[in-house]
Amino acid sequence: MEFNSQILDNLKNKPQLFKELKWQIIEKSLRSFTTIFISLIIANIFGTEDFGKYSYAIALTNIFIGFSSLGMPNLIVAQISKYRINSQKIISCFLKIRIVTNTLIFLVFLIYMFLNFKIGLLLVLCISTSFLDIFESYNQGNLKLVDNAKSKIIAYCLGLFLKLISIFYFKNYKLVLIIYSLEISLSYFIIYKYSGLKFKKIFFDKVEINLLKSVIRKLIPLSLTSLFIILTSKLDVLVIQSKFGYSVLGQYNIFSQVILIWSIIPLMFTNYHMPRLAKCYSLSVSKYKSEIIKYGKIYFFIGLIISFISLFVFNIQYQILNYNNKEIYIAGTILCFVNIPLCISLLQASIIAINNLHFYGFLKTTLNFILMLFFSLIISDFLGIIGLPIAINLSY
């Protein structure tokens with residue numbers, strides 16, 4: 001009991017928390033700044049129509065990457081945190097599965113983009129190297145959050161420099177998509193180097209059949225869950241593009257990016273808390289339950305606070321851009337309050353992964369997607385674009 005209490009105390013190491021939060025704040029702030037800054041420049045220089053195409057290409061790419069991940073990230077973190085002594089065997093198993101799924105999705109991506117949206121082919125590098133994201137989860141499970149943050153900071157800085165050259169020198173927003181793809185791939189490559197793993201070794205390591213069966217069994221509901229999560233998160237973009245066109249999508253996205261970027265705050269906390277909660281669960285279930293209740297209240301208040309912050313920032317942004325579109329203004333105002341259920345859902349995702357409640361997670365996300373699809377199509381017919389943020393809030 002004394003040993004367990006000592007470990008639990010170590011899990012609450014405040015200096016480590018501040019260090020990790022400091023680097024995550026720098027990384028997330030830089031990411032937020034570069035995303036919003038580049039989006040504003042593209043929208044102002046090339047117009048909302050081209051910005052809509054730019055946003056649509058990235059949204060589609062993220063959907064395909066989400067499909068290929070099969071919901072692995074949280075499961076990898078949970079497994080590595082619980083069974084750190086077998087971490088290399090675990091990551092070897094996930095790597096093999098991820099390469100197979102990534103290859104299949106890559107081929108589907110090429111065919112779909114070639115037939116329907118050729119601009120999306122500029123992001124082919126992003127898709128082909130997306131399997132490297134498992135090393136981010138591996139580092140997170142081993143509490144190497146600072147290394148992950150530093151890797152992304154390097155990639156974001158280089159990406160910002162190249163994107164500005166693409167916009168102001170080459171006058172080409174499509175080149176920005178290529179740089180975006182390069183930036184993502186570079187960040188994951190640096191993360192892999194920080195992991196200290198040898199790619200050849202873990203790739204050729206023999207995987208235990210029992211471990212493989214166990215992982216696949218857990219991934220079946222997780223993959224479907226991941227599918228519905230990514231579709232739900234990008235459904236508003238798909239519906240707006242099909243119903244209202246790229247110009248309206250560009251106007252909506254320039255605001256929604258700023259509104260939803262605040263979700264990085266609870267995400268930083270879940271990145272820190274999840275591996276520690278997983279370890280706490282393996283040591284003391286009763287202590288784990290009390291921690292969950294405490295975090296539930298904390299995440300609700302975080303969601304409430306960032307909703308009002310995003311509302312304040314949105315009003316300033318709307319006055320600056322001066323689009324004079326009342327529907328966009330009302331839609332943006334409603335969308336600000338989605339940060340409350342979004343915060344709770346991030347904590348729920350961690351709990352589902354830690355407790356192996358994957359079937360429950362599948363049911364929840366399936367219901368969310370059905371509700372989102374139903375409300376999006378029905379309400380948007382009557383209220384226009386205002387119906388989309390209402391549907392997002394109701395679906396959670």
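Procedures and definitions
Residues numbered from 1 in each chain as written. Predicted model: local features only at pLDDT ≥ 70, side-chain atom pairs only at ≥ 80, totals over all residues. Heavy atoms only, no water. Helix = DSSP H or I, 4+ residues; strand = E, 2+ residues; numbered from the N terminus. Rg over C-alpha atoms; globule rule 2.2 N^0.38 Å. Buried < 20%, exposed > 50% of the residue type's maximum accessible area, 1.4 Å probe, protein only. Lys, Arg positive; Asp, Glu negative; His and termini not counted. Charge placed at Lys NZ, Arg CZ, Asp CG, Glu CD. Core = buried A, V, L, I, M, F, W, Y, C linked by side-chain atoms within 4.5 Å. Contact = heavy atoms within 4.5 Å. Axes fitted to C-alpha atoms, helices over the stretch in contact; angles between N-to-C directions. Parallel < 35°, antiparallel > 145°, perpendicular 65-115°, else oblique. Left-handed = near helix turned anticlockwise from the far one by under 90°. Nonpolar A, V, L, I, M, F, W, Y, C, P; charged D, E, K, R; others polar. Phe/Tyr/Trp six-rings, centres within 6.5 Å; stacked < 30°, edge-to-face > 60°. Lys NZ or Arg CZ within 6 Å of the ring centre and 35° of its normal. Salt bridge = Lys/Arg side-chain N within 4 Å of Asp/Glu carboxyl O. Patch = residues over 30% accessible without salt bridge, like charges linked within 9 Å, V, L, I, M, F, W, Y side chains within 5 Å. Areas by Shrake-Rupley, 256 points an atom, 1.4 Å probe, with all protein chains shown as cover. Expected span 1.5 Å × (residues − 1). Bend = angle between axes of the 7 residues up to and from the residue. pLDDT = per-residue confidence, 0-100.

**Points about the overall build of the chain**
- Within the chain, the secondary structure is distributed over 17 helices and zero strands.
- A compact globule built from 396 residues would reach a C-alpha radius of gyration of about 21 Å, and the chain, at 21 Å, matches this within 12%.
- C-alpha extents for the chain along the principal axes are approximately 65 × 45 × 40 Å.
- Looking at the 396 residues of the chain, the share that counts as buried comes to 54%.
- Side chains of the chain carry 37 positive and 16 negative charges; the gap between the two charge centres is 5 Å.

**Examining the nonpolar core**
- Counting 84 residues, the largest nonpolar core has Ile42, Tyr54, Phe117, Phe135 and Leu219 as the members making the most contacts within it.
- In terms of residues, this core owes the most to one element, helix H2 (residues 14-69), which gives 15 residues.
- Apart from the residues lying within four places of it in its own chain, the contact partners of Phe135 are Leu95, Ile191, Tyr192, Ser195, Leu197, Phe199 and Ile202.
- In terms of nonpolar packing, the next biggest core, distinct from the first, is built from 14 residues, Met274, Tyr295, Ala353 and Ile354 among them.

**Things to note about the side chain of Thr48**
- By secondary structure assignment, the location of Thr48 is in helix H2.
- Apart from residues lying up to four places away in sequence, Thr48 is in contact with Ala43, Tyr246, Ser247, Gly250, Gln251 and Tyr323.

**Section: the packing of helix H4 (residues 87-116) against helix H10 (residues 209-244)**
- Where H4 contacts H10, the two axes come as close as 10 Å, and the packing angle between them is 60 degrees. Regarding the angle of H4 to H10, the classification is oblique. The handedness of the crossing between H4 and H10 is right-handed. The residues of H10 that touch H4, namely those facing Lys89, Ile90, Cys93, Phe94 and Ile97, are Leu211, Leu212, Val215, Ile216 and Leu219.
- A breakdown of the residues in the contact of H4 with H10 according to their chemical character gives nine nonpolar, no polar and one charged.

**Some thoughts on the packing of aromatic side chains**
- Enumeration over the complete set of coordinates arrives at 25 aromatic pairs.
- Judged by centre distance (5.7 Å) and plane angle (55 degrees), the rings of Phe46 and Tyr173 are tilted. Remark: Tyr173 occurs in helix H8 (residues 173-195) and Phe46 occurs in helix H2; sequence separation between them is 127 residues. Tyr173 matches Phe46 in its accessibility class, with the two residues each being buried.
- Aromatic pair Phe189 and Tyr192: ring centres 6.2 Å apart, planes at 50 degrees, arrangement tilted. You can see Phe189 and its partner Tyr192 sitting in helix H8, three residues apart, about one turn around the helix.
- Connected via pairs of aromatic rings, a cluster forms that spans Phe131, Phe135, Phe189, Tyr192, Phe199, Phe203 and Phe204.
- Positioned above the aromatic ring of Tyr246, the side-chain terminus of Lys53 is 5.9 Å from the ring centre.

**Here we look at the pattern of salt bridges**
- Enumeration over the complete set of coordinates arrives at nine salt bridges.
- Note that Lys89 is salt-bridged to Glu208, the shortest N-O span being 3.5 Å. Taken as a pair, Lys89 in helix H4 and Glu208 in the loop between helix H9 (199-204) and H10 lie far apart in primary sequence, 119 residues in all.
- Overall, Lys89 belongs to the partly exposed group, its relative accessible area being 48%.
- Where salt bridges share partners, they join Lys287, Glu291 and Lys294 into one cluster.

**A look at the environment of Phe168**
- With respect to the helices, strands and loops of the structure, Phe168 is situated in helix H7 (residues 145-168).
- Overall, the relative accessible area of 46% leaves Phe168 in the partly exposed class.
- C-alpha separation for the pair Phe168 and Asn324, spaced 156 residues apart in sequence, amounts to 27 Å.
- Discounting chain neighbours no more than four positions away, the residues touching Phe168 are Ile41 and Ile45.

**Things to note about a nonpolar patch on the surface**
- Side chains of Leu373, Phe374, Leu377, Ile378, Phe382 and Leu383 sit close together on the surface and give an oily, nonpolar patch of about 580 Å² of accessible area.
- By secondary structure assignment, the location of Leu377 is in helix H16 (residues 358-383).

**As for H10**
- Along its 36 residues, H10 runs 50 Å from first to last C-alpha, staying within 8% of the 52 Å computed at 1.5 Å per residue.
- The sharpest bend along H10 comes to roughly 50 degrees, located at Lys234.
- With its phi angle positive at about 95 degrees, Gly245 sits one or two positions after the end of H10.

**Remarks on unusual backbone geometry**
- The backbone of Lys171 sits at a positive phi, close to 55 degrees, despite the residue not being glycine.
- Tracing the sequence through the fold places Lys171 in the loop between H7 and H8.
- For Lys171, a relative accessible area of 56% translates into the label exposed.

**Re the confidence of the model for the chain**
- Of all residues in the chain, 95% attain a pLDDT of 70 or more, and the chain-wide mean is 86.
- Segment residues 1-12 is flagged for pLDDT under 50; beyond a separation of four residues in sequence, or across chains, it makes twelve contacts in the model.

**Observations concerning the side chain of Glu27**
- Secondary-structure assignment places Glu27 in helix H2.
- If we ignore the near neighbours within four places in the chain, the residues touching Glu27 are Ala149, Lys152, Ile153 and Tyr156.

**Describing the environment of Arg217**
- Structurally, Arg217 is set in helix H10.
- Overall, Arg217 belongs to the exposed group, its relative accessible area being 57%.
- Separated by 136 residues in the primary sequence, Arg217 and Ala353 place their C-alpha atoms 14 Å from one another.

**A short note on helix H3 (residues 72-82)**
- Within H3, nine of the eleven residues are buried, which leaves it mostly tucked inside the rest of the structure.
- Three or more residues of H3 are buried, namely Met72, Leu75, Ile76, Val77, Ala78, Gln79, Ile80, Ser81 and Lys82.

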